[in-house]
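Spelled out from the first residue to the last, the chains are:
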Amino acid sequence: MRKRISAAMIAMAALAVSGCSGNKTAAAPETTTVSPETTAPVKESEAEKKEAPEEKTEETKASVAPIKLPDFNYTKENFPRMDGSTATVPLGKAIASTFLNTTPEDVEDLCHFNRTTQSFRNLLAGDADILIVGEPNAKVFSEMEEAGFKYRIENFATDALIFVVNEDNPVDSLTTDQIRDIYSGKITNWKEVGGNDAEIVPFQRNEGAGSQALILKHVMKDTPMMEAPKGLVATEMGELMTAVKSYDNSANAIGYSVYYYANDMKMANGLKIIAVDGVSPNPKTIRNEEYPHRNAYYSVIPEDADVTDERVKGARVLYDWLVSEDGQRLVSSMGYVSVMDVSSFGDEASGKGHKHQDNFIRLDNGTLTEVSPRDDYGLLMPYDGASLYVSYGYNATGEDEDGYSYLAGYMNGFLDTKGRLVTDPVYNSINVIDYYDSLERNEISLPFYRAVKYDLPYDSAAFNNEDVTLPNENIHQRFISKDGSFVSPEYGYISGMRDHVMCKASDETNDFVIYDLDTNVVMTYDELDKANDGIVSQKLNQGDYLYDVNYSDGYFVFDFNDGYYYVDENSKKIVLGPYSYAEPFKYGRAFVRDGNYASVIDETGKEYIGSGYEMAEILNNGYVVAKNDAGTDIYDKTGKLIHTLPVCSSIGVYDWGFYLSFYSDSGWYYTYYDNEGNELLNDEENIWNFGDKIPIAYANGTKASPKNVSQNESEGVWLMNIITGKSIFIDGASYAYPFYTIEGTADVPYIKVSTYTDENTDTRECVYDEDLKEVFHADNGYINISSDKLTNEWLFVCDDSKGDHYQLFDKNFKLLVETESYPEVYDHYIVYTCDNASIGLDPQGKEIFCYEMKGSYGNE
């Protein structure tokens, strides 16, 4: 299915032919030209009408100028393979989640960074498209030079090694030589550097820690570091900070970290960062190279990659965007020191944020470490608590120059609708269980949470290898019903499917349990095997372990190694199979593949369309379209052949119809049909793009007609209802696209048109319905699709591009609530994070919960 976002992508595909051709209705279609400036305004909220007072801002405040994303349609399938340092994982997650319009948790599978040295080797081997990485050692560049590997490299951010002391220590600055002498044992008393007559207590980090490597590189150099006395080596960053703050109830200790993490901690009360060589570390002095001990972050791409590959295209767009004004805003917003001073981009201080304070009732005294099943919660929702970072440091050879990782991520807890803190932030992650529904062609949520805890080894050496994943025995999972009335036993593997959850003790076992939505156990491995006289265990013992299972209309679909089988949910008996591939039933029929042939069967296994087809699709009205070398056939609901269409290369399905693709000497072209097989448009010049949910075509072009033109040559955007033939031209618009999700297209009857009225800042986004009428717009902002994570209701989030004002709308653009950051919705309740606090709102927008977030640090 083709999903393109703009004329720029059309240009990249080298579609040079212009013009318009298609079979339309006999009556001349209605065509209208509209201007974005003349459309009806959306009613402003009272908050928007109030003019914020002018206020001078610092660069450390969040940028409030609009961040414009690249003009490229990123999807999960074409997203560049990112790799890099563990210290840049947070940025990688921010990039992926921002570009794909989702949460950082949903893009974790796109951010498996392999650390600095290995990531460069992966780029060299063709196993990565772009690196977001710290400064490598010289050996890496030598390897690439020896291999004749050409690459582009760009410095997008900088970090620094910093030193901390107790806030009561009168010493505010040290020279590099003084620090070297302290850590070599030459200087032992604070009075030698202008302080009190007191012994210096120099804390060190454990061997292999990232900051330990930095002090050796930048400060000690050829001078040996003294052996630290027992008790003065901190294996965790939090331990070092605590020790420096309060060792022996004195102000005599000193320690070190990196600026990114110390700044991210906001520095615990009782500590201060000292100047080095008379320069205090801050974004300005680090960026201007005034502060002496710095390390760079780079983006790197191959020079000679295949530019026809969508992931390579996306990588090059991202590479350029990271050093653009908008990219630098994102880098800065994540706490990194951007190479550009983002305060020079015309950002304004919002002055609207306020300090949030704890506002909750503890469910019980003491530490709340588990959800206890109860019937009075109403609804459970996750909130963000402590941010726990873990550093893997150097490997045994000292090659990697990395900092911390987000393996542990944000610690999470549960709150309920009464504003009660049900658990402290003791979970390493809490996510709604979801699954990809091949029938709906989208991701669907279930009314359950997956709550995960990690056992993090105290010995940091346990992480000093290139495999940074935790072993299965260190990961503990349970699934919990949304109302908290059910908490499952601990499992090592939990997977969702339609109306069910499958659990196993680990992913390397076949011994499963399947629950329904009422948390009843409806099938176990032993029950399935017994009902089929031991055949299941025989098949599964011959190959891979049992993983994802599908379900629909009373039948489970299992892959038992030798093929796919349908199992009746009541009798638990195998009723159909084996097939090379099989999908769940829809309309009493299911797509199957037997060897090289595709077919559609009914619940008795009878072939609904006969055999010999290479490809078959069940349409949204229950009809079937199938192709072979003789032609493309359309069958109605009774299995009667009603149309035979030309031989095609492939079939693509929408909710409103389907398309056939063809290849000629001039390239690919497409013909579009409704669900009954009636031709709607023959797009021989490959001008139009379509979305899944509504029959609206969109294309760039001139005022005269839609054309394959570059973004610079385009005069606006054309929209056309392919059923009615009605079309409009939106003068000056930049591009149009449906409301895409990570796994598909949102089921909303709208299309969005964006207009950049100014190259850097001003953006206007308008939403049109099937009748090509504007139903909503946002000036200087963005309209994004979202959903209720528990009910699957589609929602819209409008960002005013000032970074501190979000509006949540229902599917019909009724305003529900306004928040200060991106809202997550759980069965109509809202949770969002702002000013280092996690805030819960009821469906009317009233605050019911607030938890101030704290930072903590694991093994470095």
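Since we're looking at a predicted model, the values are computed, not measured.

Asks: Pulling in residues and values, what's your account of the overall build of the protein?
Replies: The number of helices and strands found in the protein is 14 helices and 57 strands. Counting over 860 residues, the protein shows a buried share of 56%. Considering only intrachain contacts with a sequence separation of at least 6, the fraction spanning at least 24 residues in the protein is 57%. As displayed, the protein offers around 36,000 Å² of accessible surface, 45% of which is attributable to carbon and sulfur atoms.

Asks: I'd like a description of the confidence of the model for the protein, backed by residues and values.
Replies: Taken over all residues, the pLDDT of the protein has a mean of 81, while the share at 70 or more is 79%. Ignoring residues within four places in sequence, the model shows residues 230-238, a span with pLDDT below 50, making 36 contacts including any to other chains.

Asks: Can you lay out the sheet that holds strand β28 (residues 564-568) for me, pointing to particular residues and giving the numbers?
Replies: Ordered in space as β26-β27-β28-β29, the 4 strands form an open sheet in which the pairing is antiparallel. Since the sheet does not close on itself, it has two edges, and those belong to β26 (550-552) and β29 (574-579), each with one partner. Neighbour-to-neighbour, the strand axes of this sheet turn through a mean angle of 20°, independent of strand direction. Pairing geometry for β28 and β29, over 3 bridges, is antiparallel. In the sheet register, Tyr566 faces β29, and the bridge partner there is Leu576.

Asks: How would you explain the sheet that holds strand β48 (residues 774-779) if you had to name every residue and give the values?
Replies: Pairing within the open sheet is antiparallel, and its 4 strands lie in the order β45-β46-β47-β48. Because the sheet does not close on itself, it has two edges, and the strands there are β45 (735-737) and β48. Taken pair by pair, the neighbouring strands of this sheet meet at an average axis angle of 20°, ignoring direction. Pairing analysis gives 5 bridges linking strand β47 (residues 763-768) to β48, with the strands arranged antiparallel. By the bridge assignment for β48, Arg764 is matched with Asp779.

Asks: Describe the packing of aromatic side chains, naming the residues involved and giving the relevant values.
Replies: As enumerated under the stated definition, the model contains 56 aromatic pairs in all. In textbook terms, an aromatic cluster arises when at least three aromatic residues are bridged by ring pairs, as seen for Phe512, Tyr525, Tyr551, Phe556, Phe558, Phe560 and Tyr565. One Lys or Arg, Lys453, reaches over the ring of Tyr427 and ends 5.1 Å from the middle of that ring. The lysine or arginine in question, Lys504, covers the ring of Tyr493, its NZ or CZ lying 4.9 Å from the ring centre.

Asks: Got a sec to walk through helix α12 (residues 325-333)? Specific residues and values, please.
Replies: Extensive coverage of α12 is indicated by the burial of 7 of its 9 residues. Positive phi shows up at Gly335, right after α12, with a value of about 95°.

Asks: Quick rundown of the pairing of strand β23 (residues 500-504)? Include the residues and the values.
Replies: With 5 of 5 residues buried, β23 is to be regarded as a mostly interior element. Because side chains alternate across β23, one face comprises the buried residues His500, Met502 and Lys504, and the other comprises Val501 and Cys503, equally buried. As paired elements, strand β22 (residues 493-497) and β23 share 5 bridges and run antiparallel to each other. Bridge assignment links Gly496 to a residue of β23, and that residue is Val501. Here β22 hands over to β23 after 2 residues, with Asp499 in that stretch at a positive phi of 65°.

Asks: I'd like a description of the side chain of Asn510, backed by residues and values.
Replies: Summarising the element assignment, Asn510 is placed in the loop between β23 and β24 (512-516). There is a polar contact of 2.6 Å between the side chain of Asn510 and the backbone nitrogen of Leu546.

Asks: Tell me about the side chain of Asp636, and name the residues and values.
Replies: Positionally, Asp636 belongs in the loop between β35 (631-635) and β36 (641-645). Although buried, Asp636 forms no salt bridge, and the nearest oppositely charged side chain, Lys640, lies 5.8 Å from it. Once residues lying within four places of it in the same chain are set aside, the contact partners of Asp636 are Tyr608, Tyr623 and Ile642.

Asks: Describe the nonpolar core, with residues and values.
Replies: Ranked by internal contacts, the top residues of the largest apolar core, which has 33 residues, are Phe79, Met82, Ile95, Ile130, Phe156 and Leu318. Contributions of two or more residues to this core are made by α3 (89-99), β3 (130-134), β4 (151-166), β12 (294-302), α11 (310-322) and α12. With near-sequence residues (within four places) excluded, Met82 lies in contact with Gly92, Ala96, Leu110, Cys111, Phe113, Ile130 and Leu318. With 31 residues, the next largest nonpolar core counts Ile162, Val219, Met225 and Ile286 among its residues.

Asks: Outline unusual backbone geometry, supporting the account with residue identities and numerical values.
Replies: In the segment running from Gly577 into Pro578, the intervening peptide bond is cis, with an omega of 5°. Tracing the backbone shows Pro578 in strand β29. Here the phi dihedral of His828 falls at roughly 80°; this positive angle occurs in a residue that is not glycine. Mapped onto the secondary structure, His828 falls in the loop between β53 (824-826) and β54 (829-834).

Asks: Please give an account of the pattern of salt bridges that cites residues and values.
Replies: Two side chains bearing opposite charge may form a pair once their charged atoms approach each other closely. Within the structure shown, the criterion is met by 28 salt bridges. With its nearest N and O atoms 3.4 Å apart, the salt bridge here joins Asp109 to Lys76. You can see Asp109 sitting in the loop between α3 and α4 (116-124) and its partner Lys76 sitting in the loop between α2 (46-49) and β2 (82-84), a full 33 residues away along the chain. By relative accessible area, Lys76 is classed as buried at 19%. We note a salt bridge from Glu824 to Lys789, for which the minimum N-O separation is 3.5 Å. Here Glu824 is found in strand β53, whereas its partner Lys789 is found in the loop between β49 (782-787) and β50 (794-799), with 35 residues between them in sequence.

Asks: So, the packing of α4 against helix α5 (residues 138-146): which residues are in play, and what are the values?
Replies: Two elements in contact, α4 and α5, have axes whose closest approach is 10 Å; the angle formed by their N-to-C orientations is 10°. One element, α4, and the other, α5, form an angle in the roughly parallel class. Contacts between α4 and α5 pair Thr117, Phe120, Arg121 and Leu124 from the former with Lys139, Val140, Glu143 and Met144 from the latter.

Asks: Explain the pairing of β54 to me, using residue names and the numbers behind them.
Replies: A large share of β54 lies buried, amounting to 5 of its 6 residues. Here β53 pairs with β54 via 3 bridges, running antiparallel. Residue pairing in the sheet places Tyr826 in a bridge with Tyr829 of β54. Hairpin connection between β53 and β54: a loop of 2 residues separates the two successive antiparallel strands, and Asp827 in this loop has a positive phi of roughly 50°. Pairing analysis gives 5 bridges linking β54 to strand β55 (residues 837-841), with the strands arranged antiparallel. Counted as the bridge partner of Thr833 is Ser838 from β55. What sits between the antiparallel neighbours β54 and β55 is a turn of 2 residues, in which Asp835 has the positive phi angle 50°.

Asks: An account of the environment of Asn532 is needed here, citing residue identities and associated values.
Replies: Mapped onto the secondary structure, Asn532 falls in the loop between α13 (525-531) and α14 (535-540). If we skip the residues at most four places from it in the chain, Asn532 touches Lys572, Lys573 and Ile574. A polar atom in the side chain of Asn532 sits 2.9 Å from the backbone oxygen of Lys572.

What counts, and where the lines are drawn
- Residues numbered from 1 in each chain as written.
- Predicted model: local features only at pLDDT ≥ 70, side-chain atom pairs only at ≥ 80, totals over all residues.
- Heavy atoms only, no water.
- Helix = DSSP H or I, 4+ residues; strand = E, 2+ residues; numbered from the N terminus.
- Buried < 20%, exposed > 50% of the residue type's maximum accessible area, 1.4 Å probe, protein only.
- Contact = heavy atoms within 4.5 Å.
- Areas by Shrake-Rupley, 256 points an atom, 1.4 Å probe, with all protein chains shown as cover.
- pLDDT = per-residue confidence, 0-100.
- Pairing = 2+ DSSP bridges.
- Axes fitted to C-alpha atoms, helices over the stretch in contact; angles between N-to-C directions.
- Phe/Tyr/Trp six-rings, centres within 6.5 Å; stacked < 30°, edge-to-face > 60°.
- Lys NZ or Arg CZ within 6 Å of the ring centre and 35° of its normal.
- Polar contact = N/O pair within 3.5 Å; in protein donor to acceptor, adjacent residues only side chain to side chain.
- Lys, Arg positive; Asp, Glu negative; His and termini not counted.
- Salt bridge = Lys/Arg side-chain N within 4 Å of Asp/Glu carboxyl O.
- Core = buried A, V, L, I, M, F, W, Y, C linked by side-chain atoms within 4.5 Å.
- Parallel < 35°, antiparallel > 145°, perpendicular 65-115°, else oblique.

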